[in-house]
Structure formats: structure tokens, C-alpha cells
Amino acid sequence: MAAANYLSSEDQFLCSICLDVFTDPVTTSCGHNFCKNCITEHWNTSDRCQCPMCKEVFNTRPDLRVNTLLSEMVDQFRQSAQQKTSSSEQQESKPGEVPCDVCTGTKLKALKSCLVCLASYCETHLEPHLTMSGLKRHQLIDPVENLEDRMCTKHDKPLELFCKTDQTCVCTLCPVLDHKTHEFVPLKEEYEGKKVELKKTEAEIQQMIQKRRLKIQEIKHSVDLSEEDADREIAEGVQVFTDLKESVERGLNEFIDTIKEKQKTTEKQAEAFIKELEQEISELMKRSAEVVQLSLSEDHLHLLQSVQSSNIHHPPPTKDWTKVSIRQSYQPTVVRAVVQLEETLSKKIKKLLEAELKRVQKFAVDVTLDPDTANPSLILSADGKQVRTGNVQKLLPDNPERFSPTLCVLGTQSFSSEKKYYEVQVKRKSDWSLGVARESINRKGNISLSPRNGYWTIWLRNGNEYRALAGSPVPLSLKSQPQKVGVFVDYEEGLVSFYDVDAAALIYSFTGCSFTEKLFPFFSPSLNPGVKNSAPLIISPVGVN
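What you see is a predicted model; the values in this text were computed from it and never measured. (Residues numbered from 1 in each chain as written. Predicted model: local features only at pLDDT ≥ 70, side-chain atom pairs only at ≥ 80, totals over all residues. Heavy atoms only, no water.)

Here the focus is the side chain of Asn 533. Mapped onto the elements of the fold, Asn 533 is located in the loop between β20 (519–524) and β21 (537–540). Its relative accessible area of 2% is what places Asn 533 among the buried residues. Polar side-chain contacts of Asn 533 include one of 3.0 Å to the backbone nitrogen of Ser 430. One polar contact links the side chain of Asn 533 to the main-chain carbonyl oxygen of Pro 525, over a distance of 2.9 Å. Leave out the neighbours within four places in its chain, and Asn 533 touches Lys 429, Ser 430, Asp 431, Pro 525, Ser 526, Leu 527 and Asn 528. (Helix = DSSP H or I, 4+ residues; strand = E, 2+ residues; numbered from the N terminus. Buried < 20%, exposed > 50% of the residue type's maximum accessible area, 1.4 Å probe, protein only. Polar contact = N/O pair within 3.5 Å; in protein donor to acceptor, adjacent residues only side chain to side chain. Contact = heavy atoms within 4.5 Å.)

This is how it looks when you write it as C-alpha cells:
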């Protein structure tokens, strides 16, 4: 019963590679079925051995054997299909099928077409061509429409030859009458040749399909990696911003606590002053009462004697309150809190930049200077890692690649994909220019360094003037003078960034760039007046100080 249900579905017997009924079906260890020849050719043209259906990778190529049970079921399926075909051959022809030309009334489906009679026949009307000796010699083919298209329009003969000269089908009279000097072969011979070509073309197409399938896998894998990177970046970003948020909240709470503590101190001081003032008021009120009481006396002698014997005219000792006040300013507290927060943020930013620099340093490439591009006044080291400006111009061929008269040189390595990074020592120099340039830049005459002209660079002038040479030069305010500059290029992202390697600080980034051709590392040690700028630019190994 299960086998019957299995046989009822034609899709169960189709190979997922050739999309035809299985031939010598084999089963992989992951449970999927293929034609033995299809899976073998698939693995022969693939870089790794994996199942085309579930993508399971096999460490060693499986030893494939024909699945006898499945092979028997496929044979049963074919026999069943043939029986269905036989039973339907005598059915009425449907739209798109070739009808019998002899049938009158209801047209039955044709089984064969005769190239001699130029007619198509159902099973009944085909019988004479199978039994009569004269008709047996006629050429029968699978039923086709428009049989007249298979006849020579000039000689009314079947097209049985192929003219290789004119690349067209002809009849047996054409070579004699119209194609006398041409080369001919039988249609079958040309057919076999074209079949071989088609098979080769099919193999090439299958190879192209396989390459595109592999490319799909590569793209999907890239998406998975990108998703992992995105998740990691989000996690790191959430952690950083959480830390920053906690730092801000902590700073805010400390600031509020400081203000409240100051307010408490102020309130205690005020309470002490008020208590002291109230004490003095109490003493003064006692003295006032004594004065009033004495002034009401009508005894002349007693009043005079009391005034003479006491200090009633003098108030009790009190503090001078004119300079006493309660004043409090919270502005310095706010400033100190903000400065402290800024210091905290600066430390966190520095850690982020250190991590960023370590990340881009993983894309380090070995860069050397190209002597064919160097200005004749430049002196390159033998290993192609150093360049400085000399005092004498060498006699060199003025080839199109060479800079003249500007003091520039390019690297030999080109950047046209992915991410690249290299480092240049600029120690003891007062003037220099660094960056990348596209391949088609103008190298003759005066050069203006800008992205519009194909240059993404920064420079130093007069020992302390740093600028990024964007559309208009952008002044750069740096906390320290870089001794080693890192250059990072993300071609697909359109990014060129410069780093102070020792300080792990970002100097400047060109963003949103649109690169359409190769980029080359760009160097200019600049003029050398005396010995002020005689030190060379040195391409340094990444990670070595």
C-alpha cells in the first residue's frame, strides 16, 4: 500500500539536478536521492562535496551505490507511465497535439508522420506503413505539424542533407543544381554533431548554474557573517552606551548629592547665626526692660544712684552683623561635574578608538614604493620602504606614470576591493602628504590634492599645521603630533581614515566616497629646505613601534 502511494507521485521519482526520472538512483547519507551520474558530475565540478538539497558537507566523498529498491520502483513507474501513454494514443487529439490527417469526423491523435507522404497518421491509419512493402521504405518520424516545412521549396523533395557552406538544410537535388561546389553531410551526421555541441553547451550551462549556486551560497554565507558582525556591533554599542548612560547618571547623582550637601551646610550655618542672633535679642530685651523699669521710678535719688552705679546706658556686648551673610554659588560645582564627565567620556572614547585601531590593523597589507612613479628628485630605499627628497634631480625616463614636477610617489599595490591598511612613520618631518589616489590621476604639472581630482589625503605644513584636503582644506586640531600615521581604506564602504597610531586617535575620515577604479597608496615627503625636512617617510610594519 505504501509503495502504491509512493508511485502515485511523479515528483518522488525526479532527480533534483537533471529534473528527469531517476537513472541508476543513489542515496546520500543525508537521505536525498539523485541520478548516480548527475551527483558524480556535480561533485566533479564543485569545490567541496556537499548535498545539493540540504547543503550537508561530507568530509570524504561518499561511495555511492545504486539503491535497488528505489531503482525497482522507478522501473515500475516507467512501465505504468508507458501503459498510460499506450492507452491514450487512440484518444482524440487535444489542442497542441498533431491530429491524424486521414481521420474523418473526430480527429485522433497521430502516432507518426511520413516525410514521403507528408501526412500524419493515427494507430489505425499508420498500419499500411508498417505492413505494406512499398510503404515500409517511407521515412517515419514522431508526429509533427507543418510537414511542408520539411520539404525543399525549389525541388519538392525531403530535406535530407545539410549544406555546411551555407549552413542550411537541402534536398538531394540541391547539390547538383544550386550548391555544386558546397560541402554536404547527411542530416543525421550534422544532427549528431549538433547533439555533441548541445551537450557541451549544456555542460557549460550546468557549470555556470553550479557556479551561480555556489555564488548564492557565498552570498548567503556573507549575509550570515554580516549578521554576526551586526549583532556583535550592536552588543558592543549597547554596552558602550549603557556604560555612558551609567556614567552620566552617576555623575548626575553625585552632582545632586554635592549640591544637597552644600545646601545642608548652608542651612546649618544659617541656623547657628539665627540662634546667636536670637540670643543677642534676648539679652537686649532684658536690658530694655531694665531701662523702662528704671525710667518709671519717681524716686529722684534712687534713679540717679542706679544710673551711676550700673552700665544701663551701654547695651550688652553683641557681634557686628553687617558683614555677615549667607551666600552660596553652585556654578563651579556644575562646571566640575561636566569636566569630570568629559574626562570619563574621553577615557571611554580612547578605549573605543584603541579597539577600532586594532580592528583595522587586522587588514594590514605589505606596501612598497613604485620607482616608475617617483619624481626624479625623490630618493627611494633599496627595499622600497623609504622615500626622501634629494638635492639633485636624477635623469630618469619621463614615462606617463611618473610625477613631474611634484614630489610624489605611489605604492605598487592597488586597492580595488575589501579593506586595506598600512602605516607610515612621519617622525622628525615638518612637511608631508599621505593618503590614496586613483589610477587615472594627472601626474604632470601642478597638482591640486582633492577628492575631485582623485586624491584622498591629509598633510602637515610648517611643522604644526595639519589639514585634510577635502573640497576645501579642513584644519585639524590634534592633541599631539603624530609620529606614525595609519591609513585605512574600505573600498566597498567608500571610506578613507587616518589614525595617530601611537595615540590610538582618529585624525580624519573621508566618508561617502564613490570609488570606481583602482586606488594606490600616495606619498609626498615635500620640499627639503636645508635639513629641516630631510627625514624620510618610512612604510612601517604594522604593530611595530
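Let's pick the thread back up.
Our next topic: the environment of Glu 271. Within the element layout of this structure, Glu 271 appears in helix α7 (residues 187–295). Judged by relative accessible area, which is 55%, Glu 271 ranks as exposed. In sequence terms Glu 271 and Arg 65 are 206 residues apart; their C-alpha atoms lie 101 Å from each other.

This part takes up the environment of Ile 447. Mapping Ile 447 onto the fold places it in the loop between β13 (432–438) and β14 (455–461). The sequence separation of Ile 447 and Ser 509 amounts to 62 residues, and the corresponding C-alpha distance is 22 Å. The contacts of Ile 447, once residues within four sequence positions are left out, are Phe 403, Thr 406, Asn 442 and Tyr 455.

This brings us to the packing of aromatic side chains. Taken as a whole, this structure holds 13 aromatic pairs when the rule is applied. Arranged with centres 6.2 Å apart and planes meeting at 70 degrees, the rings of Phe 403 and Phe 522 form a pair that is edge-to-face. Of this pair, Phe 403 sits in the loop between β10 (386–389) and β11 (409–410) while Phe 522 sits in strand β20, and the two are 119 residues apart along the sequence. You can call Phe 522 buried: its relative accessible area is 0%. Both rings, one in Tyr 422 and one in Phe 523, keep their centres 6.0 Å apart while their planes meet at 50 degrees; by these two values the pair is tilted. Placement of the pair is Tyr 422 in strand β12 (residues 419–425) and Phe 523 in strand β20, with a sequence separation of 101 residues. Since its relative accessible area comes to 1%, Tyr 422 is described here as buried. Three or more aromatic residues joined by ring pairs make a cluster, and in this case those are Phe 403, Tyr 455 and Phe 522. (Phe/Tyr/Trp six-rings, centres within 6.5 Å; stacked < 30°, edge-to-face > 60°.)

Now for unusual backbone geometry. Residue Pro 405 follows Ser 404 across a cis peptide bond; omega there is 10 degrees. Topologically, Pro 405 is positioned in the loop between β10 and β11. Positive phi values are uncommon outside glycine, yet Asp 24 reaches one of about 50 degrees. Tracing the chain through its elements places Asp 24 in the loop between α1 (2–7) and β1 (25–27). Unlike most non-glycine residues, Leu 118 shows phi in positive territory, near 55 degrees.

What follows covers the sheet that holds β13. One open sheet holds the 6 strands; their spatial order is β11-β20-β13-β14-β15-β16, and the pairing between them is antiparallel. On the outer flanks of this sheet lie β11 and β16 (474–476), each paired with one strand and no other. The sheet contact formed by β14 and strand β15 (residues 465–468) spans 4 bridges and is antiparallel. Residue pairing across strands places Arg 461 opposite Glu 465, the latter belonging to β15. (Pairing = 2+ DSSP bridges.)

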